[in-house]
Amino acid sequence: MKLYCLSGHPTLPCNVLKFKSTTIMLDCGLDTTSVLNFLPLPLVHSPRLSKLPGWVSKDGSANLEKELKECAGRVFVDSQPEFCLPERELLDLSTIDVILISNYHCMMALPYITEHTGFTGTVYATEPTLTIGRLFMEELVNFMERVPKAQSATCWKNKEMQRMLPGPLKDVVDVWAWKRSYSIQEVNSALSKVQLVGYSQKVELFGAVQVSPLSSGYSLGSSNWIIQSHHEKVSYVSGSSLLTTHPQPMDQSSLKNSDVLILTGLTQMPTANPDGMLGEFCSNLAMTIRAGGNVLVPCYSSGVIYDLLECLYQFIDSANLGTTPFYFISPVANSSLEFSQIFAEWLCHNKQSKVYLPEPPFPHAELIQTNKLKHYPSIHGDFSSEFRQPCVVFTGHPSLRFGDVVHFMELWGKSSINTIIFTEPDFSYLDALAPYQPLAMKCVYCPIDTRLNFHQVSKLLKEVQPLHVVCPEQRCSVLNLPHRRRYERIYILPELANSLVPSEIKPGVSLATVSAVLHSKDNKHTLQSVPKPPPVAPSKKRKRVLEEPPAVLAPKTLLSGAVPLEAFLATLQKHGFTEVKVEETADGHILHLQAEDTLIQLEEDGTHIVCDNNEPLRTTLRDLVLRFLQKL
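Residues numbered from 1 in each chain as written. Predicted model: local features only at pLDDT ≥ 70, side-chain atom pairs only at ≥ 80, totals over all residues. Heavy atoms only, no water.

With respect to the UniProt feature "domain: Beta-Casp" (unreviewed entry) in the protein
The condition is simple: UniProt positions are given in the numbering used here, feature names are shortened, and annotations may be inferred rather than shown by experiment. The way it works is that DSSP assigns letters per residue, a run of H or I at least four long becomes a helix, a run of E at least two long becomes a strand, and they are numbered from the N terminus.
Under the UniProt annotation, the feature "domain: Beta-Casp" (unreviewed entry) is placed at residues 305–433. In residues 305–433, helix accounts for 40% and strand for 12%; the two terminal C-alpha atoms are 21 Å from one another.

Next up, the structure:
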C-alpha cells in the first residue's frame, strides 16, 4: 500500500493511493496561492496599475520590464494569473482508476487532470459538491475571460533569471507547474466524468475494494471516504468539522476500526475561534457603517458566506443596520443562493426541519425578499444604477487578484473610513494587500475556518482508534503505508463444497482437504473442481503421440493433533524401547533412545525422528507416532 502526495498545500490536498491493485486519487485541489505573485486584473482601466515601472536588475544585466512590474516595494508578474497544479511527474496519472472528491474546494484542479493526462476513469462526488464545484469553476473562468491578457510571462521562470529576482519571487518553487486557467469547454468535459453518490452509498471498484462517502460536516455535501476490502479498511479524512454549522454533522462512528486513517485538511488557524471571529466581523462591520464608511468582504461564492449572511440577519436590527444595503456580486451569485436552499437533505437537522414547515433553510431568502440583500453577476449593468453607499459588498476573489473585488479596492482603498474584512483563511491578507499599498482603508482579519484543529483531531483519534495515522504534507513524497495485506477472501463452488468430508480436530473446529483449481477474475477468487481430462477417441490411423494432460496428484495426507508424552512413553516401553531419556525444551520435549542412539523431537507443530541409516527403526517409530495423530 503506497500513498503519493502530489500537493504541497495543507488544505487543498491531492494524493494517490495504491491499494489492492487499484489506483485511487484522493482529491485534486488547486493551489491558488501562486496568484499572489501576479498583478491584479482590474475590470475598469486603472491608471495606477498601468503606469507601474518595469523591473530591471540593479546592475542592468537582467531586463524583464515587459514581464515584471515594481509596486509598493515588491515585484509582481504582469500577466494572466497562473495556478500551481498538482505534481504530474511523480507517477503516470493515466493509470488512475477513480478520483474521490471530498468537497468543492478540493476539486478545482479536476479539468487539468481529466483533460490533459490521459485519464479514462470515473470521478465520484456528492451532488452538492458537483453543483457548487461547477459554480466555482465557472466563476473562475468568467473572472479570467472578462479581463484577458494576451502576453504570457515565462522568461522570469528561468532558473538563472529567478535567482536574480527579489523576494518573494526568488523563493517560489515549482514555477513550471504553474498554468493558466482552463476553459469552460474543459470544465464541462471534466464534470461529465463525475458520477454522483450519496452518503453511505457503497460503490464497488473492479471487485477489489468498496468506496463509500461519509458526511464530514465541513460544507454542503462534503465527504470523508471509506475505502475497504474484505479484510482491510482505509479511511480518508479531509476538510472535516465537528462544529454545528449549516452542513450535516460529521459521521465519526463509521471511521472506527480503520487499519489506516489518512488525515488532511486541518485548520491553519487553530487559535481563531469561529464564533469569536463572527462576533468580531459583525462589530467591525457595524462600526464602519455607523461612521459612514463602506465594508468590503472578499469571499468565495459559497460556504462561509451563508454563515456570514445568517449572522448578519440576526445582527442587523439590534445594530440599527436595517437601511444599509448588502450586495453579493458574483457571476454565480444567484445560482449559489438558490442551490443552498434546495439541498435540504445535505443540511443539519435544524435546517432540514424548516423545509417541512415550510420555510427556507437559510435566512438570506428573507433578506432578498425584503431587498436588504441584493445580488448581481458583476459591477456592470443593473448594479451600477442601483448602487448606493454606505454599503456592505460580498464579492470575489479572496486573493484580491481578479474578480469584482479589484474594482472596489481601487474605488475605496484611498479612504480611511472604509474597511476590508478578510474572512477566508486560504490567503495571507498582507500578501493579498501588497499591490494596493499604500492603503488608507482599514483592514480587519477575521479568518473563519471551521476545519478540525489539533485538539479536536486528538479527541477524534481517541474515539475512532485507527491502527495507523498518516498525514501527507510534503509535495512529491511517497509513503509506504505501514499496513500489509494478510488475508484474501476465496469463494468455493457448491458442488466442490459438497464433496468435502470435514474431520473434527478439536471441539468446534473441523478441517477438510481439497484439491481444486483457483480461478481469479476481477479480483474475485473462486475454488473450482479440477476438470477431468477428456477421453481420447480410438482411431485406427497412427497419429503422433499427443502430450498427455498433467496428472492430478492425490493430495498428501495431513495430520492433526498432539502426541501426549506419558502415553507415548508407555507405548515405547511396550514395544521394547526401555532406555528412554526425556529432556524438556522451549518448544516441547526431546526423547533420547539411548540403546538405539535415536532422537525423537516432540514439538507443538511437528515431530522429528533422527536416526542414522536405520530405515526399519525409523518406520517403526513413525507408526507409533501416527497412532496418536488424526489423519485428514
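There is more to say, and it comes next.
Focus on unusual backbone geometry
Excluding glycine, most residues fall at negative phi; most peptide bonds, likewise, are trans. Cis peptide bonds are those with omega within 30 degrees of zero, and the linkage from Gly167 to Pro168 qualifies with 0 degrees. Position of Pro168 among the secondary structure elements: in the loop between helix H4 (159–164) and strand E10 (178–179). The omega torsion across Gln389 and Pro390 is -5 degrees, close enough to zero to call that bond cis. Tracing the sequence through the fold places Pro390 in the loop between helix H11 (382–386) and strand E20 (392–395). One non-glycine residue with positive phi stands out, namely Ser200, at about 70 degrees. By secondary structure assignment, the location of Ser200 is in the loop between strand E11 (194–196) and strand E12 (203–205). Although it is not a glycine, Gln465 sits at a positive phi angle of roughly 50 degrees.

Things to note about the layout of surface pockets
A water-sized probe rolled over the atoms picks out the places where empty space is left. Heads up, the rule is: Lining residues are defined by having an atom within 4 Å of a point belonging to a cavity or pocket. Those points lie on a 1 Å grid over the protein atoms alone, cavities being sets where a 1.4 Å probe fits but cannot get out and pockets being open sets with protein on both sides within 12 Å along at least five of seven lines. Grid points are joined across faces, edges and corners, and a volume is the space filled by probe spheres set on the points. Polar here means any residue outside two lists: the nonpolar Ala, Val, Leu, Ile, Met, Phe, Trp, Tyr, Cys and Pro, and the charged Asp, Glu, Lys and Arg; Gly therefore counts as polar.
If you add up the space inside the largest pocket, you get close to 590 Å³. Residue lining of the largest pocket: 32 residues in total, with Thr245, His246, Asp307, Ile448 and Thr450 positioned closest to the centre. Elements with a minimum of two residues in the lining of the largest pocket: helix H6 (274–290), helix H7 (304–315) and helix H9 (349–355). Considering each element in turn, the lining of the largest pocket owes the most residues, five residues, to H7. Of the residues assigned to the lining of the largest pocket, the class counts are twelve nonpolar, twelve polar and eight charged. Volume-wise, the second largest pocket comes out at about 450 Å³. Looking at the second largest pocket, it is lined by 19 residues, and the ones nearest its centre are Val563, Glu603, Gly606, Thr607 and Leu629.

A look at the packing of helix H3 (residues 127–146) against helix H5 (residues 184–191)
What counts is decided by this rule: Throughout, an axis means a line fitted to C-alpha atoms (over the contacting stretch in the case of helices), and angles, computed between N-to-C directions, take values from 0 to 180 degrees. Our angle categories are set so that under 35 degrees counts as roughly parallel, over 145 as roughly antiparallel, 65 to 115 as roughly perpendicular, and the remainder as oblique. Here a crossing is called left-handed whenever its near helix is offset anticlockwise from the far helix by less than a right angle, and right-handed whenever the offset is clockwise. The contact criterion used throughout is that any non-hydrogen atoms of two residues lie within 4.5 Å.
Relative to each other, H3 and H5 sit at 165 degrees, their axes nearing to 10 Å. Of the possible angle classes, the one that applies to H3 and H5 is roughly antiparallel. Seen from above, H3 lies across H5 with right-handed handedness. Where H3 approaches H5, its residues Leu130, Arg134, Met137, Glu138 and Val141 are matched on the opposing element by Ile184, Val187, Asn188 and Leu191.

Let's talk about empty space enclosed by the protein
Following the criterion strictly, the structure yields two cavities of 30 Å³ or more and no others. For the largest cavity, the calculated volume is near 180 Å³. Lining the largest cavity are Leu12, Leu30, Thr32, His105, Met108, Phe136, Glu139, Leu140, Phe143, Tyr300, His397 and Asp426. Taken together, the residues of the lining of the largest cavity break down into seven nonpolar, three polar and two charged. By volume, the second largest cavity is sized at about 50 Å³. Every residue lining the second largest cavity is listed: Cys5, Ser7, Gly8, His9, Pro10, Pro13, Asn15, Thr264, Pro472 and Glu473.

Here's the deal with the pairing of strand E26 (residues 503–506)
Keep this limit in mind: Two strands form a pair only when DSSP identifies at least two bridges running between them.
Across three bridges, E26 lies against strand E27 (residues 509–511) in antiparallel orientation. When the bridges of E27 are listed, Glu504 appears paired with Ser510.

Quick look at the sheet that holds strand E18 (residues 326–329)
The parallel open sheet is built from six strands, whose spatial order is E19-E18-E20-E17-E21-E22. Unpaired on one side and paired on the other, strand E19 (373–376) and strand E22 (442–445) mark the two borders of the sheet. Across this sheet, the average inter-strand angle for adjacent strands is 20 degrees, counted without regard to direction. Bridging between E18 and E20 involves four bridges; their strand directions are parallel. Of the residues in E20, the one forming a bridge with Ile329 is Thr395.

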